Structure formats: structure tokens, C-alpha cells
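Secondary and tertiary structure notes
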Amino acid sequence: MLEKELVRQKELLEEVYRSSPRLQKVALKDLLEALEQGKILYIEGLSLPAFRFKRDWRGIPAGTVVAPGFYMPGFPHIPRVFVLRTGVPRYLRGPFYAEEKIEGYNVRLARLGGEIKAFTRRGFVCPFATDRWPDFLPRLPDFFDKFPQYVVCCEVAGPENPFVSEWPPYIKEDVGFFCFDILDLASERFLPPEEKYALFEEFGFQSPEINGPLSPKKLEPLKEILRRYEAEGREGVVLKPVSPRFGRVIKYVTAISNVSDLKVAFPYIGELDPSYVVHRLVRMVITRWELEEGFDEDFYRQVGEALFAEMPALLDRISRGLPVEEVFRVRLRREESFEALLSHFRLAQVRIEIRQKEWRSGYLHVEFAKIYPKATSFWASKLQGLAQID
Ligand code: ATP
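Structure report, in brief. (Residues numbered from 1 in each chain as written. Predicted model: local features only at pLDDT ≥ 70, side-chain atom pairs only at ≥ 80, totals over all residues. Heavy atoms only, no water.)

1. A short note on the overall build of the protein chain
- A tally of regular secondary structure across the protein chain gives 13 helices and 16 strands.
- Against the globule reference of 21 Å for 390 residues, the protein chain gives a C-alpha radius of gyration of 23 Å, in line with a compact fold.
- Overall, the C-alpha framework of the protein chain stretches about 65 × 55 × 50 Å when taken along its three principal axes.
- Evaluated residue by residue, the protein chain yields a buried proportion of 50% over its 390 residues.
- Of the roughly 19400 Å² of accessible surface on the protein chain, a fraction of 53% belongs to carbon and sulfur atoms.
- The average position of the 57 basic charges and that of the 57 acidic charges among the side chains of the protein chain differ by 4 Å. (Helix = DSSP H or I, 4+ residues; strand = E, 2+ residues; numbered from the N terminus. Rg over C-alpha atoms; globule rule 2.2 N^0.38 Å. Buried < 20%, exposed > 50% of the residue type's maximum accessible area, 1.4 Å probe, protein only. Areas by Shrake-Rupley, 256 points an atom, 1.4 Å probe, with all protein chains shown as cover. Lys, Arg positive; Asp, Glu negative; His and termini not counted. Charge placed at Lys NZ, Arg CZ, Asp CG, Glu CD.)

Structure follows, in C-alpha cells:
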């Protein structure tokens, strides 16, 4: 970064610091040093000076966004249990809700400097979700008029999203915004489930399927929900106590969601940490065992197909000199949002090729491919006959 730009950003961060009692828990000198070291990054394109935390730092979680008078913590990680019978009563001591865990990507919608913006898990402004929220949450401005200190956390999911290639089976086109939490910035706490469900209802916000309250002493109803999700190809559940007095939030996923993760990941297997595959195999086996879903020919075929069915076509492509790529489709309300999405990919160093772009029924429909040079050379070097000591 140019010296002049660093000086400017330091001045802006100091301004943010002066307005934020939460940030003042750390020394200004340390904060400015973290900026110099790239642990805190300036967010371009907002009407107020804003910064995001790249990693966890001094008790401030990664993805936290700060601006004058504004401190929005990063969305917390949710611990996973592998077994319901022992895991649920270990973390939940009273009634809880089972919310569907939606497969998509997380955004936090907040009003900052008069504008409603969607922030990704890492604290970037998401150009796609910022463009599309009015289609799905038209009453969000009324919500923020009434509750300016709240943040709406939701999963953007569906076949036409720019980031993830898995989505709930019941979304056949475009995307949905599934609201699952409301964060109160004043207390830095999530609202209790029943309070947030009432607000979702009042403002017409779509939420994931909600079941409950359930009891940690009677798990059969929860197991039934998960068997149904397995049959329907849904991801799993996030279990949320009716009140924090009754325990903490945990997650549990279906076996099928692990199978589909493996299917999506196999082309990039050379780039993944081996634990990615191991974790999913372990979860899958324990879940099928606990829910008595069977270890039979069907299951073995399902796993084998997920892992290998698309590999011959991929190897053909690579042997013809073509790269590993993933094709995405999105629709946007404004051309500038697509330009912002492209800059976002540039910043994140993702290589994009635009395949198609056309206006249809008021939306800019774009098809683009993400090109993966590392995954390509992983397979290509082998197909070219290079020997390796392993
Ligand atoms: P995953 O669990 O999907 O592999 P992760 O490793 O990011 O993702 P966590 O850090 O535990 O996992 O976050 C849980 C994720 O689940 C969040 O990204 C959140 O957006 C998503 N999610 C989907 N549905 C819900 C829900 N109903 N309640 C809470 N989180 C949900």
C-alpha cells in the first residue's frame, strides 16, 4: 500500500476508534499496527469509513466490521455434534428449536450510513446480496427504521448464486434469502428464537423450516426430521435453545450432505487439506449408524457415484488441455452490481471468464466460469506422465 494511502487509512481508523467504546478495549497504537500488518483492512465503496478484521484479533472475531459508531462482530462458528443421543443432552438442558441448516452462504444485512448492505462472513460487502435483497426482503427498510441497532443474518441459497455450488433441493431457480438470526448490536447478542420468529413473521422475512420446541430427553422426533432431510437431500439442522439458560447452539448434518460435499470437492482434491475428506467420511458413517439408515448396496453406490461419476469427463477435459472450471449463473438488478462482483473476485484473486450476459425480464442474467489453475495443474501434471515420489 502507498505510504499516503496508509496515512489516510490510519486517520480514518482513528476516527472509528474514537467513536467506538468496544474498540477502545484495545490500545489505539496496537490497532494501527494491526492495520499496517494487514490484519485489519479498509472496506472500499461505503459512504462511511469502514474496516474489516481479516482474522480473530484480541477477542475481536474475524469478519467483524467497524465504522463510526458501528461495531458488528463476525458471525460465530457453531460447534458440530456427531451423535445426537450423547451430543444433544451434553449441550442442551432444556427445550430447543431445530432450524433447518440451509446450504448457501452467510450474509449479515445491516444499515450503515443510511444504506442497507450485505456483509459476507469475512466482512466484505457482498455485491450480489446487496443487489438482490429488495427482491426477497422488501420490508427490510421498515425493519431498520424500527430497529436500527439490529442485524439480520441470513443464508443466500439457490442454483443462481455466485459462490457455492450446493443448494437446497427445493429451490429450482434463482436464490432465496433465508433469515435465521437477528443480532442486536447494542448487546452483541442474538435475539432468543421466539422473539426473532415473531419479527420474521411481522416483516414477512422467509426463514428456514423451524421445528420445535423439542426436548433433549426425547430425540425420536428430531431423528425423524433428519431422516426426512436425508431422503430429501437437505443439509441438516442448527439446534437453538429457547433461552441461553438451556445451553448453546449446535449443528448436525445429514449423511447425504457429506456425500454431496465430496462430490463437489473431488475435482479439487489435490488442493484440499486431507482432513476435508476424512471429516466428511467420519460424519457420514456415524450419522448413518445412529439413524439406522443402512449400510447397503444403495448407500455404497451413492457414495461411489458422488465421488467418481463425473471424473472421466473431467479427466477427458484436462487431457484435451482444458482447465478445471466451475460454471455459475446469477441474475442481478443492476449492471454496476455485476461490475462490483467482478472487482470482488479480482480482490479475492479468483479467475473469472464471462460466458454469457443478457438482460431478460428486468434482470441482467450472467453466466461465468471460475477457472482453477492449481486444480488443473494437479491433474494435468499426472496426465502428462510426470513421475512423483509418494
Ligand atoms: P458449514 O457448517 O456449512 O460447513 P462453516 O464451517 O462455516 O460451514 P460454521 O462456522 O459453524 O460452519 O457456521 C455455520 C454456518 O451455517 C453459517 O455459515 C450459517 O450461515 C449457516 N447456517 C445455515 N442455516 C443456519 C441456521 N438455521 N442457523 C444458523 N446458521 C445457519
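2. So, the nonpolar core
- Counting 41 residues, the largest nonpolar core has Leu109, Phe128, Leu140, Phe143, Phe177 and Phe205 as its most contacted members.
- Counting only domains with at least three residues in this core, you end up with domain 2 (103-207) and domain 4 (323-383).
- Leaving out residues up to four positions away in the same chain, Phe128 has contacts with Tyr105, Val156, Glu160, Asn161, Pro162, Val175, Val330, Arg331, Leu332 and Leu341. (Core = buried A, V, L, I, M, F, W, Y, C linked by side-chain atoms within 4.5 Å. Domains from an automatic or database assignment. Contact = heavy atoms within 4.5 Å.)

3. A look at the pattern of salt bridges
- In total, this model carries 39 salt bridges according to the counting rule given.
- Beyond isolated ion pairs, a larger network of salt bridges with shared partners links Arg132, Asp135, Glu160, Glu173, Asp174, Arg331 and Arg333. (Salt bridge = Lys/Arg side-chain N within 4 Å of Asp/Glu carboxyl O.)

4. Observations concerning helix H7 (residues 220-232)
- Here H7 spans 18 Å end to end across 13 residues, near enough to the 18 Å set by a 1.5 Å rise per residue.
- Of the positions making up H7, those classed as buried are Leu222, Lys223, Ile225, Leu226, Tyr229 and Glu230. The buried residues of H7 occupy one face: seen down the axis, they fall within an arc of 155 degrees. (Expected span 1.5 Å × (residues − 1). Arc of directions from axis to C-beta.)

5. Section: the side chain of Thr120
- One can find Thr120 in strand E7 (residues 115-120).
- For Thr120, a relative accessible area of 10% gives the class buried.
- Apart from the residues within four sequence positions on either side, Thr120 is in contact with Asn106, Arg108 and Cys126.

6. Looking at the site of the ligand
- Near the ligand lie 15 residues; those nearest to it are His77, Lys101, Arg121, Glu155 and Lys251.
- Between the ligand and Lys101, the relevant distance is 2.6 Å, taken from an oxygen atom to a side-chain nitrogen or oxygen of the residue.
- The side chain of Arg121 places a nitrogen or oxygen atom 2.8 Å from an oxygen atom of the ligand.
- Contact with the protein chains hides 82% of the accessible area of the ligand, taken as 610 Å² for the molecule alone. (Near = heavy atom within 4 Å. Polar contact = N/O pair within 3.5 Å; in protein donor to acceptor, adjacent residues only side chain to side chain.)

7. Quick notes on the state of the cysteines
- Under the criterion given, the structure shown has zero disulfides.
- Lacking any disulfide linkage, Cys154 is separated from the closest cysteine sulfur, that of Cys179, by 4.6 Å. (Disulfide = S-S within 2.5 Å.)

8. Focus: the sheet that holds strand E14 (residues 324-332)
- As summarised here, the arrangement of the three strands in space is E14-E16-E15, forming an open sheet in which the pairing is antiparallel. Each of the sheet's edge strands pairs with one partner strand only, and the pair in question is E14 and strand E15 (351-360). Recorded for the sheet is a direction-independent mean angle of 15 degrees between the axes of neighbouring strands.
- As paired elements, E14 and strand E16 (residues 363-372) share nine bridges and run antiparallel to each other. The partner of Val324 across the bridge, within E16, is Tyr372.
- On the sheet, helix H12 (residues 335-347) packs against E14, E15 and E16 and is oriented at approximately 170 degrees with respect to E15.
- Set on the sheet, helix H13 (residues 373-383) makes contact with E14, E15 and E16; between it and E16 the angle comes to about 45 degrees. (Pairing = 2+ DSSP bridges. Axes fitted to C-alpha atoms, helices over the stretch in contact; angles between N-to-C directions.)

9. Re the packing of helix H8 (residues 255-265) against helix H10 (residues 297-308)
- At a closest axis distance of 7 Å, the pairing of H8 and H10 adopts a crossing angle of 25 degrees. Between H8 and H10, the interaxial angle falls into the category roughly parallel. With respect to the hand of their crossing, H8 and H10 are arranged in right-handed fashion. Residues Ile256, Val259, Leu262 and Lys263 of H8 pack against Gln302, Val303, Ala306 and Leu307 of H10.
- Classifying every residue of the contact of H8 with H10 by side-chain character gives six nonpolar, one polar and one charged. (Parallel < 35°, antiparallel > 145°, perpendicular 65-115°, else oblique. Left-handed = near helix turned anticlockwise from the far one by under 90°. Nonpolar A, V, L, I, M, F, W, Y, C, P; charged D, E, K, R; others polar.)

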